[in-house]
Each structure stands twice: as C-alpha cells, then as structure tokens.
Amino acid sequence: MISILRSIWLVILHAFHRRETVQYPDEQFYLPPRFRGRIVLTRDPDGEERCVACNLCAVACPVDCISLQATEDEYGRRYPEFFRINFSRCIFCGFCEEACPTYAIQLTPDFEMGEYERQNLVYEKEDLLIDGPGKYPDYNFYRVSGLAIGGKDKGQAERELPPVDIKSLLP
Amino acid sequence: MSSQLIHILVILGVLVGVLSVAAGLIWLERRLLGLWQDRYGPNRVGPFGLLQVLADVIKIFTKEDWIPPFADRIIFVVAPTVVFIAVLMSFAIIPFAPNLVVANMNIGVLFFLGMSSLGVYSVVLAGWSSNNKYSLIGGLRAAAQMLSYEVFMGLSIMGVVLITGSFNLGDIVQAQNKIWFFIPQFLGLIPFLIASLAETHRLPFDLPEADSELVAGYHSEYSGMKFGMFFVGEYLGITLFSMMIVTLFFGGWLGPVLPPIVWFLLKTAVFVVFFILMRGALPRPRYDQLMSLGWKLLLPLTLVNLLVTGGILLLGS
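Cut-off values and rules
- Residues numbered from 1 in each chain as written.
- Chains lettered and ligands numbered in written order.
- Predicted model: local features only at pLDDT ≥ 70, side-chain atom pairs only at ≥ 80, totals over all residues.
- Helix = DSSP H or I, 4+ residues; strand = E, 2+ residues; numbered from the N terminus.
- Rg over C-alpha atoms; globule rule 2.2 N^0.38 Å.
- Buried ≥ 20, exposed ≤ 12 C-beta atoms within 10 Å, placed from the backbone.
- Pairing = 2+ DSSP bridges.
- Core = buried A, V, L, I, M, F, W, Y, C linked by C-beta atoms within 7 Å.
- Contact = placed C-beta atoms within 7 Å.
- Nonpolar A, V, L, I, M, F, W, Y, C, P; charged D, E, K, R; others polar.
- Axes fitted to C-alpha atoms, helices over the stretch in contact; angles between N-to-C directions.
- Parallel < 35°, antiparallel > 145°, perpendicular 65-115°, else oblique.
- Expected span 1.5 Å × (residues − 1).
- Bend = angle between axes of the 7 residues up to and from the residue.

## Description of the overall build of chain A
And step 1. Of regular secondary structure, chain A possesses five helices and five strands.
And step 2. Overall, chain A shows an N-to-C arrangement of helices and strands of α-β-α-β-β-α-β-β-α-α.
And step 3. Taken over C-alpha atoms, the radius of gyration comes to 25 Å for chain A, far larger than the 16 Å a tight globule of 171 residues would show.
And step 4. With respect to the three principal axes, the spread of C-alpha positions in chain A is 100 × 45 × 30 Å.
And step 5. Here chain A holds 171 residues, and the buried ones make up 18% of them.

Have a look at this one:
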C-alpha cells in the first residue's frame with residue numbers, strides 16, 4: 001500500500017526531471033571519430049588512391065557487399081578498376097577497415113544515407129572516393145613499401161637502404 | 001420553442017464537446033506519459049503536436065476495415081458500437097453547470113450504473129465474436145472484472161445518495177454546498193476511484209487487454225474504425241468517470257469566483273490526469289489479486305461505509 005503511493009509520488013516527481021530525448025533532426029549529436037558509419041575510400045598525402053585492390057576487404061566482408069576489380073597503371077601501381085559497395089547489404093561491422101593493409105577503406109561518423117530507391121544504395125568508386133587521407137593523415141603506403149612505382153625506385157622508400165649489389169665482391 | 005432550441009443546442013454542444021475531448025485525450029495521454037517517462041511524446045505535428053489527433057483520426061478512418069472470415073459478423077460489427085453508445089448516453093445525466101444538463105433525470109445515478117453495466121456487453125461480445133482464444137480470454141476476464149467491480153461501485157455511491165436523499169445528480173451537487181462529499185464519504189471515494197479504473201479497464205486494471213499476455217485481449221481482431229470505437233469509448237469512459245467523481249464527491253460545478261462550467265471542467269481535468277498518472281505509475285496486478293482486492297477488501301469497505309453512514313444519519317434524525 002505504502003509502496004504503491006510511493007511509486008505514484010516518484011512518477012509525479014519525474015515531471016520535473018530533464019527529458020532524455022535528443023530531438024535528432026533539429027538537434028545534432030556528437031559521434032566519436034571511430035563511429036562505424038558510411039564507408040569511404042581515402043587518398044594518400046600525395047593525392048593518389050591508397051587502395052591497392054588486394055581484395056582483403058571483400059574477403060573479410062561477412063555479407064559480401066564489397067566487389068572490386070584490380071588493375072595496374074603503366075608503372076605497376078595497382079588500383080581498383082571499379083570498387084562497389086552495396087550499402088543495402090552492409091552491416092557496418094568495420095571488418096573491411098581492419099583488414100585493409102593500406103588504410104584505404106575507412107568507416108566515418110555519418111549514418112544519414114537513407115534513399116527512396118534501393119538501387120541508389122549501391123555506391124560506386126566515384127561515390128566512395130574522398131579527397132583526403134581520412135583518419136591517418138601521414139600514412140603513405142607506397143612511400144614506405146619496397147615496391148618500385150613511377151617516381152620511386154627500389155631503395156628510395158622511407159627507412160629503406162639502397163639495394164645491395166649481390167654480384168659485387170666489395171664489402 | 002426557444003427553450004427547445006436551447007435544449008437541442010445543449011445536446012449538440014455536449015456531444016461535440018465530449019467527443020473532441022475524448023479525441024484530445026489521446027494526445028494528452030501520450031504527452032503526459034512522455035513527461036513522466038522523461039521523454040517528449042508526440043510533438044511534431046502542429047504546435048506541441050496537437051494536430052497529432054487529426055493525423056490519428058485520418059489514419060484510423062482510412063485504414064482497412066477488415067472482418068476476419070472466422071468471426072461472427074453481425075456481433076463483431078455491433079460490439080464496438082455498444083460501448084460507444086452506452087458511454088455516450090451516460091453523459092446525458094451529467095450536470096455541467098446549474099442549468100446545463102441534457103436530461104435532468106431523478107434516477108440519474110441509477111441510469112449511470114445501468115449504462116456502465118451495458119458497457120460490459122460490448123467487451124464480452126467482442127471477445128466472443130472474434131472467435132479467437134486470446135479475445136475470448138480477454139472477454140471472460142472483462143466480464144468477471146467489470147461485474148465484480150460494479151457491485152461495490154454501486155454501493156460506494158450509495159453513501160452519497162443516503163446523505164442527499166436523491167438520485168438526481170443536480171441535487172447531489174447542490175447538497176455539497178457546505179462540504180464536498182469526499183470528506184464525509186472518503187471511504188466511498190476510494191472504492192469508487194478504484195472501481196472506475198476497473199470499469200474503464202484502464203491500467204493498472206487492463207487485464208481484459210493485457211498486451212503482454214493476450215496480444216490485445218478482446219480487440220485483437222479489430223482494425224480501422226471498429227478498433228477506433230473501442231479506443232474512443234475508452235477515453236470517453238475516462239472522461240465520464242472523471243466527471244462522475246467530480247459530481248459525486250468534489251462538488252461538481254461548485255466553486256468560488258470562476259463560472260461554474262470552468263470549475264467543473266477544471267476538476268474533471270484533474271481526475272483525467274489522475275487516470276493517466278495511474279497508468280504511468282502502477283503495474284498490472286495478477287488476476288487473482290484483482291479479484292481478491294475487489295471481493296475481500298473493497299466490498300467489505302463499502303459495506304462498512306454504508307453501515308456507518310446510515311447509522312450516523314439515523315442517529316442525527
């Protein structure tokens with residue numbers, strides 16, 4: 001009996017509490033940088049595509065929503081010919097980001113991607129590719145890897161010694 | 001002639017007023033529950049979400065009105081109108097202000113009790129004709145609950161009737177000129193409050209509906225405006241019982257300074273809010289708890305109240 005009256009009183013007191021609702025479309029809220037939202041493809045600090053079309057993201061994806069085709073430019077630098085993410089399948093698990101060896105694919109704090117037509121949820125490479133380096137501004141895969149590409153030969157990468165001439169007898 | 005015209009205007013005014021209040025209660029209830037649960041409730045459509053009522057009305061009128069093939073068609077269609085009409089008829093005897101009453105009956109209280117008994121048929125027939133076990137269980141519960149709570153609902157008013165010596169609600173209000181009846185009849189008020197919750201099958205006594213166990217109880221199979229009839233009937237019931245509580249125990253239109261109709265509506269609003277507060281605050285009891293509360297506690301309480309009131313009146317005279 002007392003507990004019933006007490007609970008009624010406590011409910012009345014709630015009229016003077018702050019409301020917890022965030023009035024979302026009028027009132028935006030903070031999303032942390034590691035929020036797993038819309039997927040983007042980033043570029044390295046030189047403005048080139050980071051993606052090397054290794055297919056690891058497509059393999060890691062549990063719902064198979066990523067499809068891409070690798071190709072090479074004239075210097076042997078790999079890049080995706082097309083890169084397609086079907087966001088109507090994507091579950092935003094972030095496994096692709098974890099699998100990516102070059103920090104190319106990244107998830108961003110943006111979730112407002114509603115569409116009226118399902119076909120519009122299939123994002124092509126031009127929709128995914130952004131101009132900046134995303135969460136890792138200084139990382140440049142081709143400048144730290146030993147691979148020779150146009151404008152950078154063997155031994156010219158950061159923290160890489162020049163190649164040893166194995167035919168020479170001199171120390 | 002002109003008095004007849006005024007009477008017709010009063011009837012129309014009461015009808016329109018009561019129906020729009022019942023519709024507005026949908027909004028009020030959702031907003032108030034939101035307030036007590038630290039959220040907003042409907043606040044998008046129009047100022048403070050007031051046009052939500054309009055949106056709901058449009059929605060419920062344009063929804064498909066489907067009768068299940070296994071239902072008992074005639075009863076299925078008739079059942080929702082019964083509660084609606086029964087509750088609406090009861091408003092005829094409510095005195096809103098000194099001369100503002102649709103039917104100034106000298107058996108007003110009895111008429112009210114009779115009409116609220118008729119309301120039971122609606123729920124039971126709806127549960128039966130739906131031909132669905134959840135609906136049937138809901139209907140059975142409603143029958144048992146409303147019948148057993150009606151017993152002492154009638155008895156709890158009898159104290160008021162004894163003091164006044166009249167079944168006429170206008171006379172009952174006039175008799176409260178010196179002291180409102182909730183003080184001498186406090187033991188009648190408490191059972192009447194609880195019984196009015198049970199009679200309108202509002203939470204915490206919504207066992208006939210009991211969403212968590214019976215889907216939606218007796219109106220599981222209803223859709224569109226037939227469901228709307230039950231819905232509006234429920235809100236009409238809240239309004240009716242609030243008005244009855246005010247008339248019987250809180251002096252009806254009596255009050256200083258403000259005009260009588262304003263006093264009446266203000267007091268009614270307080271009890272409407274009380275009904276909604278009960279919904280927001282209390283959990284649903286088990287079925288046997290409901291029954292034992294009614295028969296073992298509230299019925300003896302009203303009988304004692306009746307005995308004491310009668311004894312005091314007898315000694316006084």
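Continuing now.
## Section: the sheet that holds strand 5 (residues 122-123) of chain A
Residue and element names in this part refer to chain A.
And step 1. Read across the sheet, three strands follow the order 2-3-5 without closing on themselves; strand pairing throughout is antiparallel. Each edge of the open sheet carries a strand with a single partner, namely strand 2 (66-72) and strand 5.
And step 2. Two strands pair when backbone bridges link them, and strand 2 and strand 3 (residues 78-86) are joined in this way by seven bridges, in the antiparallel orientation. What sits directly across from Leu68, in strand 3, is Phe83.

## With respect to the nonpolar core
General note: in soluble globular proteins, nonpolar side chains tend to be found buried as a group.
And step 1. Counting residues in hydrophobic clusters, the biggest one holds 78 residues, and the most contacted among them are Ile245 and Leu248 of chain B.
And step 2. Apart from the residues within four sequence positions on either side, Ile245 of chain B is in contact with Phe192, Leu193, Ser196, Phe250 and Phe271 of chain B.
And step 3. If you look at the next biggest cluster of nonpolar residues, it comprises 19 residues, including Cys65, Phe83, Cys96 and Tyr123 of chain A.

## Some remarks on the interface of chain B and chain A
And step 1. With ten residues of chain B at the contact, the number on the chain A side is eleven residues.
And step 2. Of all elements in the fold, only helix 1 (2-36) and helix 10 (260-281) of chain B reach the threshold of two or more residues within the side of chain B that touches chain A.
And step 3. For the side of chain B that touches chain A, the leading source of residues is helix 10 of chain B, giving three residues.
And step 4. When its residues are assigned to classes, the side of chain B that touches chain A shows six nonpolar, two polar and two charged.

## Some points on the packing of helix 1 of chain B against helix 9 (residues 224-249) of chain B
Residue and element names in this part refer to chain B.
And step 1. Two elements in contact, helix 1 and helix 9, have axes separated by 9 Å at closest approach and are oriented at 105°. Accordingly, the angle class assigned to the pair helix 1 and helix 9 is roughly perpendicular. For the pair formed by helix 1 and helix 9, the contact residues are Val18, Val21, Ala22, Ala23, Leu25 and Ile26 on the first element and Val232, Tyr235, Leu236, Ile238 and Thr239 on the second.
And step 2. When the residues that make up the contact of helix 1 with helix 9 are grouped by side-chain class, the tally is ten nonpolar, one polar and no charged.

## A word on helix 11 (residues 287-316) of chain B
Residue and element names in this part refer to chain B.
And step 1. With 30 residues, helix 11 ought to run about 44 Å at 1.5 Å a step, and its terminal C-alpha atoms sit 42 Å apart, in line with that.
And step 2. Maximal helix bending in helix 11 amounts to about 35°, located at Leu298; proline Pro300 follows within four positions.
And step 3. Of the positions making up helix 11, those classed as buried are Leu290, Gly294, Leu298, Thr302, Asn305, Leu306 and Thr309.
And step 4. Close packing links the buried residues of helix 11 with helix 5 (133-164) and helix 7 (186-199).

## Re the environment of Trp36 of chain B
And step 1. Within the secondary structure, Trp36 of chain B is located in helix 1.
And step 2. Between the alpha carbons of Trp36 of chain B and Phe274 of chain B there is a distance of 12 Å; along the sequence they are 238 residues apart.
And step 3. Sequence-distant contacts of Trp36 of chain B, defined by excluding residues within four places in its chain, comprise Val11, His14 and Ala15 of chain A together with Gly280 of chain B.

## Re helix 4 (residues 108-129) of chain B
And step 1. The first and last C-alpha atoms of helix 4 of chain B sit 32 Å apart over 22 residues, in line with the 32 Å expected at 1.5 Å per residue.
And step 2. Count one or two residues on from helix 4 of chain B and you reach Asn131 of chain B, which has phi positive near 60°.

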